[in-house]
Amino acid sequence: MDRSAQPTPIARPNPPGDAVGTTATNLPESGLIDPSVWKICAVAVLGALLVQLDATIVNVSLSNLATDLNASLSTIQWVTSGYLLALTLILPLNGWLVGRMGAKALYLWCFSAFTLSSALCGLAWSANSLITFRIMQGISGGLLAPMAQMMIARAAGKHMARVAGYLALPVLLAPVFGPIIAGAILQYASWRWLFLVNLPVGAIALLLAALFLPGDRHETKRQTLDWLGLALLSPGLVMFLYGSAQIGQIASRVIFFAGIAMIAAFLWTSWRKGDDALIDLRLFKSKVFSTVAGTQFLSNGGMYAGQMLIPVFLIQACGRAPAEMGWMLAPLGIGMMITNPLMGMLTDRFGIRRVSAGGALLTLVATMPLLYLATHGFSLFVLIPALLLRGMGMAEVGLPSLSAAYASVSQQKLAMAATSINIVQRLGGPTMTTLCASFLTWRLGLPAADHMVSNAYAWALLLLCGIHALTFLSAMRLPRRQEDIAVHG
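Residues numbered from 1 in each chain as written. Predicted model: local features only at pLDDT ≥ 70, side-chain atom pairs only at ≥ 80, totals over all residues. Heavy atoms only, no water.

Asks: Hey, could you run me through a nonpolar patch on the surface in this one?
Replies: On the surface, Ile-334, Ile-338, Leu-342 and Met-345 cluster together into a nonpolar patch covering about 340 Å² of accessible area. Checked against the element boundaries, Ile-338 lands in helix 16 (residues 325-339). (Patch = residues over 30% accessible without salt bridge, like charges linked within 9 Å, V, L, I, M, F, W, Y side chains within 5 Å. Areas by Shrake-Rupley, 256 points an atom, 1.4 Å probe, with all protein chains shown as cover. Salt bridge = Lys/Arg side-chain N within 4 Å of Asp/Glu carboxyl O. Helix = DSSP H or I, 4+ residues; strand = E, 2+ residues; numbered from the N terminus.)

Asks: Help me understand the pattern of salt bridges in this model?
Replies: One side chain can pair with another of opposite charge once the charged atoms of both are near each other. As enumerated under the stated definition, the model contains three salt bridges in all. A salt bridge links Asp-280 to Arg-282, with the nearest nitrogen and oxygen atoms 3.0 Å apart. Asp-280 gets classed as buried once you look at its relative accessible area, which sits at 7%. Salt bridges here are not isolated pairs; linked through shared partners, they connect Asp-280, Arg-282 and Lys-413. (Buried < 20%, exposed > 50% of the residue type's maximum accessible area, 1.4 Å probe, protein only.)

Asks: Before we go on, may I ask you to explain the nonpolar core in this structure?
Replies: The nonpolar side chains of a soluble globular protein tend to be buried, and buried together. In this structure, Leu-93, Tyr-107, Met-147, Met-150, Met-151 and Tyr-406 are the most contacted members of the largest nonpolar core, which totals 85 residues. Those residues in contact with Met-150 that sit more than four places away from it in its chain are Val-98, Ala-103, Leu-414, Ala-415 and Ala-418. Formed by 32 residues, the second largest nonpolar core is a distinct cluster that contains Met-328, Met-432, Cys-436 and Leu-464. (Core = buried A, V, L, I, M, F, W, Y, C linked by side-chain atoms within 4.5 Å. Contact = heavy atoms within 4.5 Å.)

Asks: Help me out: how do you make sense of the side chain of Ser-403 in this one?
Replies: For Ser-403, the position within the fold is in helix 19 (residues 380-407). Apart from the residues within four sequence positions on either side, Ser-403 is in contact with Met-160, Ala-161, Ile-352 and Gln-482.

Asks: Got a minute to help me understand unusual backbone geometry in this structure?
Replies: Excluding glycine, a negative phi dihedral is what most residues carry, and trans is how most peptide bonds are arranged. A positive phi angle, close to 55 degrees, is found at Asn-70, a residue other than glycine. For Asn-70, the position within the fold is in the loop between helix 3 (62-68) and helix 4 (73-76). Residue classification places Asn-70 among the exposed positions, given a relative accessible area of 74%.

All quantities given are derived from atomic positions and should not be read as evidence of function.
Given below as structure tokens:
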């Protein structure tokens, strides 16, 4: 952004009849957020919470499912993999569907379909039927997370970092409590209740959404669907994610590079189509939005690469038992839960750039002790504080930069912005995980030498530090405060 230009105010008026306008922009001088904002945001995040919970709750039950449905483990794992891939398959349609139906109507339809498909999963009679219903569940739930971000951005306005910091806690807790809930259900009831439990929760969430989410049908517009873009991007994303997860196999590598080619073809055709494209690539012309996208790509990539690398390092290089990983890695989640509620206060006081870049720097510094463990041997007194600080740092990067991205676009572009950022986030994880995994495999395959395994992991962890260093450099390009952001589109 040209700093000589006058910034456009963030607290901009909304279209007549928009219920959001009374919450995001008309705040009392005390800075207190209107209670209606909390209601809207709490209802919006319910969808993202349920989707995240369902992504983890089934993992514990795969062996039970394989036995009860008379299927092999390689087949039944598609109950999880199919669900995760389906979440991505539908994502590119978010902006177009919000424009055609409105956010509230689309949220109600998606949540209804998610609840119905949960019931079908609970009634599944075979492995193939369960996998099919799980894919349906993933397709209906794939839009709930970006819509939650969009509705929070609409309602909270410049206070998004503060509001989302609190509302991110349930989503962070889902991976922790998912296995616990699943274990309790499997101990006292059938695996079918892993899915049927969504019915009362879904019914309550739908009622709350109908009551508290603001209507936005007046903002809908007729727009033709970019069928070529959809045919390139949705399968391209799925092929990229699937291929990166199985990159060691020749067929998967072919799928992986085919996915990259399809995404590249989508970018080329979309740039030529302009307004008629499935994703408005002009959003990335904004320095703020493109910087946030780069920061999110690197940050998400570093987080997922670390989640892959650190447990394997502790098991193979440090000789720890897999059963120990739960409590050893717990400080990561605790660190994120400590930091998230403080995001609003920290961002208000220090600004977007300092908080986000400071979090990236803290993540980098907290990852460096793992290099010490790789070269000097395992120490619990080094590992625990390092992981705690790493979790705190990672939590500081995301929310301030996201609030900058949504503040940089007009109200009409929020749905498209949420779609674009979510796609970039989902690409970052497998890209950096594949990079670190391939590099580690190469180092482990070098001719034998003393401490070969430890040295290989030391180099892989050094690469992880490099990713966090790039995240820091990208975050340093973010605007200092929201008041410095000009609105585009």
